[in-house]
Amino acid sequence: GAIAVAPAAPVWAVPHPGAPGHAPGTEAAPPTGAATAAAPSASFPFEGPTQQGILTPPQAAAAFAAFDVTAADRGELEALLRTLTERARFLTTGGAPAPVGITAPPADSGVLGPVIDPDGLTITVSLGASLFGGGSGTNGNGGSSSSANGSAGGTSTTPTAPDRFGLAAQKPRALRTMEDFPNDDLDRSQCDGDLLLQICANNRDTVTHALRDLMRTTRGGMQLRWRTEGFVSPPRPSGTPRNLMGFKDGTANPDPSDPDEMAALVWAATDGSEPAWTAGGTYHVVRRIRMLVEFWDRVNLREQEGMIGRSRDVGAPLTGKHEFDEPDFSSDPAADSIQMGAHIRLANPRTPESTGSRMFRRGYNYDAGLDVNGNLDMGLVFTTFNQDLERQFVTVQKRLADEALSDYISPFGGGYFFALPGVQGADDWFGSGLLA
Ligand code: HEM
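What you see is a predicted model, and the numbers here were worked out from it, not measured in a lab.

Rules used in this analysis
Residues numbered from 1 in each chain as written. Predicted model: local features only at pLDDT ≥ 70, side-chain atom pairs only at ≥ 80, totals over all residues. Heavy atoms only, no water. Axes fitted to C-alpha atoms, helices over the stretch in contact; angles between N-to-C directions. Helix = DSSP H or I, 4+ residues; strand = E, 2+ residues; numbered from the N terminus. Parallel < 35°, antiparallel > 145°, perpendicular 65-115°, else oblique. Left-handed = near helix turned anticlockwise from the far one by under 90°. Contact = heavy atoms within 4.5 Å. Nonpolar A, V, L, I, M, F, W, Y, C, P; charged D, E, K, R; others polar. Core = buried A, V, L, I, M, F, W, Y, C linked by side-chain atoms within 4.5 Å. Buried < 20%, exposed > 50% of the residue type's maximum accessible area, 1.4 Å probe, protein only. Near = heavy atom within 4 Å. Polar contact = N/O pair within 3.5 Å; in protein donor to acceptor, adjacent residues only side chain to side chain. 1 Å grid on protein atoms, 1.4 Å probe; cavity = no way out; pocket = protein on both sides within 12 Å on 5 of 7 lines; lining within 4 Å. Sits in = over half its atoms within 2 Å of the grid points. Arc of directions from axis to C-beta.

A. Geometry of the packing of helix H1 (residues 74-93) against helix H3 (residues 204-217). Following both chains from N to C, one finds H1 and H3 inclined at 150°, their axes separated by 10 Å at the closest point. Here H1 is positioned roughly antiparallel relative to H3, judged by the angle of their axes. Note on packing geometry: the crossing formed by H1 with H3 is right-handed. Residues Thr 83, Leu 84, Arg 87, Ala 88 and Leu 91 of H1 form the contact with H3, whose own contacting residues are Ala 210, Asp 213, Leu 214, Arg 216 and Thr 217. Here the residues of the contact of H1 with H3 are counted per class, giving 5 nonpolar, 2 polar and 3 charged.

Laid out in structure tokens, this is it:
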């Protein structure tokens, strides 16, 4: 039966600590739309040309769960995607309007209550290269080893993945198994996958129950391959939330409220270079990067700031005073203030040639306890949405190869995925354009 929930102010009526202007501080207001924690919201519209969870301001809690699809054929794959659509629609909209003051995790188990509060839930569905089979894309590094028999975690060097669903010709142009970059320590059991669910909400329990609901209702169609939980905390004390190295992370993001910028940097190209069904989709890169925090915490502040190129407290570029000041590399040819190997200088050199490699990031912190040696296991679930995987993420990652920061981080998992276009209309479903 239903449990009684004490009436309380609905979460979305309380100013979220991350809401711009909530925290008093000396920082200038961020430019419109700079990524901060989620604004209060009961529910994000489920339908639209693009999915939620991409430009949506990061909610406090997230799960990234990658699956091997075990559907036997195209018909079963369609059934799987239709079920995911139906459950995602139900969970994110609450199934029914939530009466004011009633909150419960989104599940229809009856244990948790019949009335559902979407709690800012978004469910973003993305596909991996292995689902499409065929060649490995542009880098020649092989298809995924994922298979229907549950042999997760093999090698990444299979030259071609079997085209189980007849989708090879429809694969997004650059989609492929994630390659090893210099300094990577990838565990293939923690990489790739046929299908990624990115689930975000204002509270952790909402995320967890949504994941369990989606797994329960798709049993037989897909099998969990790897999973990580993520969190973002309110800004400390103001501005952009911090990562676990203590630095504000997300400051220099392109503006998600600028449609032209998003058309140029996020949404799949519509000039004929991509399969037509991809319009409204985007390359979804997840890199699970451990931070060697014990080591980092022994480095003095000046050195830490030098590696990033920004001050730790305010988040200002070392050539400026305020968080949202533009870093000035040009007046700084000798790199007195922002060293050549600084993270922000390599990530975005701000030259005419590098403009197209800018990317929209939506990262989360993770904390996975400790490793077998007793060291803290925590870091960044680096997440970025790209129009062109090669031109943006891969280009920037190559520039970062030998950055000073690379001694303090260890990428071990994640993958390349393609976030599907949005669901449009009551009869539409995730992937309809791909499978129809
Ligand atoms: C900026 C940290 C990994 C791309 C930043 C900033 C910090 C940071 C503190 C400055 C604040 C901001 O503008 O957001 C980290 C840490 C990482 C990491 C700790 C690993 C654990 C990556 C990776 C990429 C990347 C893997 C891409 C391949 C960028 C970009 C910027 C940035 C494009 C914005 C640069 C600008 O426009 O000024 N990162 N980052 N970061 N990072 Fe990272």
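Let's pick the thread back up.
B. Representation of the nonpolar core in the model. Of all hydrophobic cores here, the largest spans 71 residues; its most connected members are Val 69, Leu 77, Ile 123, Leu 195, Leu 197, Ile 199 and Tyr 416. Among the elements that take part in this core, H1 stands out by supplying 6 residues, more than any other. Core analysis: the next-biggest nonpolar cluster, separate from the first, contains 13 residues, Leu 196, Trp 226, Val 232 and Phe 412 among them.

C. Quick look at the site of the ligand. The immediate surroundings of the ligand are formed by 26 residues, with Gly 250, Ala 252, His 343, Asn 348 and Arg 350 found nearest. Note that an oxygen atom of the ligand is positioned 2.9 Å from one of the side-chain N or O atoms of Asn 348. Judged by the fraction of its atoms near the pocket grid, the ligand is located in the largest pocket. The set of elements that each furnish at least two residues to the shell around the ligand consists of strand E5 (282-291), helix H7 (343-347), strand E8 (376-386) and helix H8 (390-399). By residue class, the composition of the shell around the ligand is 15 nonpolar, 6 polar and 5 charged.

D. Region of the structure containing H8. Every buried residue of H8 is listed here: Gln 392, Phe 393, Val 394, Val 396 and Gln 397. Angularly, the buried residues of H8 cover 160° about the axis, an arc narrow enough to put them on a single face.

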